[in-house]
Amino acid sequence: MQPIHVLLLIAIYFGILIFISYLTGKDDSNASFFKANKSSPWFLVAFGMIGASLSGVTFISVPGDVGSNMFGYMQVVLGYLLGYMVIVFVLMPVYYRLNVISIYEYLGDRFGIISHKTGAAFFFISRVLGSAFRLFLVASVLHEFVFKQWHFPFPFTVIISVLLILAYTFKGGIKTVVWTDTIQTLLMLIALVVTIVLIYHEMGWGLGDFIGSEAIKNYDKIFFFDDILAKNHFIKQFLGGMFIAICMTGLDQDMMQKNLTCKSLKDAQKNMVSFSIVLVFVNFIFLILGALLFVYAASKGIEVPVVDGVAKTDLLYPEIALNSGLGLPVALFFMLGLIAAAFSSADSTLTSLTTSFCIDFLNIEKRALNTQKATRKKVHISISILMIFVIICFYYVLNQNVISGILTVAGYTYGPLLGLFAFGILTKHNINDKWVPYVALTSVAVSYVIANVPSDYFGGYKFGYELLVVNGLLTFLGLILIRRK
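Note that the coordinates shown come from a computational prediction; the quantities given were computed from them, not determined experimentally. Within every chain, residues take consecutive numbers counted from 1 along the sequence as written. Restriction of local features to residues with pLDDT of at least 70 applies here, the model being predicted, together with a cutoff of 80 or more for giving and counting side-chain atom pairs; totals for whole chains, interfaces and linings are based on all residues. Excluded from the side-chain calculation are hydrogens and water; included are all heavy atoms of the structure.

### Here we look at the overall build of the protein chain
Heads up, the condition is: Under the scheme used here, helices are H or I runs from DSSP no shorter than 4 residues and strands are E runs no shorter than 2 residues, and both carry numbers assigned from the N terminus. For the radius of gyration, the atoms used are the C-alpha atoms, and the globule rule reads 2.2 Å times the number of residues raised to 0.38. The rule is simple: take the accessible area with a 1.4 Å probe, protein chains only, and divide by the maximum for that residue type; under 20% is buried, over 50% is exposed, in between is partly exposed. In this analysis, two residues are considered to be in contact whenever any of their non-hydrogen atoms come within 4.5 Å of each other. Note that accessible areas follow from Shrake-Rupley with a 1.4 Å probe, and for residues the cover is restricted to the protein chains shown. Under the convention used here, Asp and Glu are negative, Lys and Arg are positive, and both His and the chain ends fall outside the count. Charge placement uses NZ in Lys and CZ in Arg. For Asp and Glu, CG and CD serve respectively.
Tallying secondary structure elements over the protein chain gives 18 helices and 4 strands in all. Taking 485 residues into account, the globule formula puts the C-alpha radius of gyration at 23 Å, and the protein chain, at 22 Å, falls close to it. For the protein chain, the proportion of its 485 residues judged to be buried stands at 57%. For the protein chain, long-range pairs separated by at least 24 residues make up 84% of all intrachain contacts whose partners lie at least 6 apart in sequence. By element, 67% of the accessible surface of the protein chain is carried by carbon and sulfur atoms, the whole surface being about 19400 Å². On the protein chain, the mean spot of the 33 positive side-chain charges and the mean spot of the 26 negative ones are 13 Å from each other.

### Comments concerning helix H1 (residues 3-24)
What counts here: To estimate how far a helix should extend, the number of its residues minus one is multiplied by 1.5 Å. In this description, one arc is meant: the one made by directions from the helix axis to the C-beta atoms.
For H1, spanning 22 residues, the distance from its first C-alpha to its last is 32 Å, which sits close to the expected 32 Å at 1.5 Å a residue. Of the positions making up H1, those classed as buried are Pro3, Val6, Leu9, Ile10, Tyr13, Phe14, Leu17, Ile20, Ser21 and Thr24. Down the axis of H1, the sector holding all buried residues measures 120 degrees, keeping them to one side. Away from the buried face of H1 by more than 90 degrees, exposed residues Ile12 and Tyr22 are located.

### Topic: the side chain of threonine 351
Along the chain, threonine 351 turns up in helix H13 (residues 328-361). Judged by relative accessible area, which is 0%, threonine 351 ranks as buried. Setting aside anything within four residues of it in sequence, one finds threonine 351 in contact with Phe33, Thr169, Gly173, Ile174, Val177, Gln257 and His380.

### Overview of helix H7 (residues 154-169)
Its 16 residues place the ends of H7 24 Å apart at the C-alpha level, agreeing with the 22 Å of an ideal helix rising 1.5 Å per residue. Along H7, the residues classified as buried are Phe154, Thr157, Val158, Ser161, Val162, Ile165, Leu166, Tyr168 and Thr169.

### Focus on the packing of aromatic side chains
Condition: Here the aromatic set is Phe, Tyr and Trp, taking the six-membered ring for Trp, and pairing holds for ring centres within 6.5 Å; pairs whose planes are under 30 degrees apart are stacked, those over 60 apart are edge-to-face, and all others are tilted.
Taken as a whole and judged by the stated rule, the model has 24 aromatic pairs. Between phenylalanine 225 and phenylalanine 234 the ring centres are 5.2 Å apart and the planes differ by 40 degrees, which places this aromatic pair in the tilted class. The interplanar angle of 65 degrees and the centroid separation of 5.2 Å between the aromatic rings of phenylalanine 423 and phenylalanine 476 together place this pair among those described as edge-to-face. Of the two residues, phenylalanine 423 is situated in helix H16 (residues 415-426) and phenylalanine 476 in helix H18 (residues 467-481); the sequence distance between them amounts to 53 residues. Of the two residues, phenylalanine 423 and phenylalanine 476, both sit in the buried class. Each residue in the set Tyr95, Tyr104, Tyr106, Phe123 and Phe421 is aromatic and connected to the rest through ring pairs, giving one cluster.

### Looking at unusual backbone geometry
Positive phi values are uncommon outside glycine, yet asparagine 99 reaches one of about 55 degrees. Relative to the helices and strands, asparagine 99 is located in the loop between helix H4 (73-98) and helix H5 (105-110). Taking the relative accessible area as the measure of exposure, asparagine 99 reaches 56% and is therefore exposed.

Written as structure tokens, this is what we have:
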């Protein structure tokens, strides 16, 4: 597939999204941008959230993770399922009862304005870094396989990517995102199935040949119970996955803003339950794809791409899809799936960050009506510029698997949110609001120290995703210390 073909594909794809934006953004009001006028069908939100949850990271990095971790990621995914049930039956009723636009308004209602700002600030940092990770991955692929051949610098790829998102979210906001995510999820799942089918055909396999073969046995281990000290032990991965789901979905404005566009709590709950069950199966299919890619690469003598002397398993899927001779259909659907997976997450991120900043920090609803829309648009553009800057920075400092990087960052930034919401829901205590930022920052600092202490000091124990739980617990204990009678 030639670079010019990719550019034409991108142009057609974004032309469709911009047309959808035109149809859904005619209102161009803040109520439509922030809440979609509370009119989104629950099944549409559920299907679109699959793509937003998976993103370009799952599309590339999860299959790449099979090479080192086999199917161990499923331990985390099963934890996600339990975490989603907590969101459905504990968090959603709270949000709908208070009729919030930003979920961090709950913290202001429960504790005070400083807690509100602290929670929103941690979300802002978390989402900027997490989404920058995701867009960095996609921009890296586009740069490596398209723009680099024309000697364009990496920052150029990043700027183009973010500006395209800005173009179709600028007016419609979350109302546009709900509809575009549906199309993007569909394209991503089609790409997944087409890739598997065509590799099967190339290898001369029948439907069940690979699943029952000896080749997959090198990769199909799911549960790790051997060493409780290791990062990939089942209990640590499962609990880590549960709390990651609670934090990165239930305590995350990006994901919850879509749920809050449903007509009622009952519709939002149906959306989350159906979405969470389907997501488990989709992640498993991505891991099947990962094993298939490594087996296919070994049979054809394809090496894992090396960048700056480091093997990048994240790039194995694009290497096979674009350069292994599988044909134009695989390359075409891979690029469609990659673009769809990446931008289904990134578009909602820009929208949610704009919403959070306007509601949580600028109190936009209290400003003069004739200035509210202009303020929202200025914030939207400013956040786009910030994302460009952060992604370019990652290009020079990132040196690990992207899925691992995102979940590592989540352990630090979502921990205080977990502690704050847990304390608010599970206790009836009030707190000394002005001390909340110090408690949150101290928890992050202590968690960082714990994570970087040599494992020998803990008897060989290595912290993994459960660091998020430790961080949240430290915040919870700190809030106990500053509670008021």
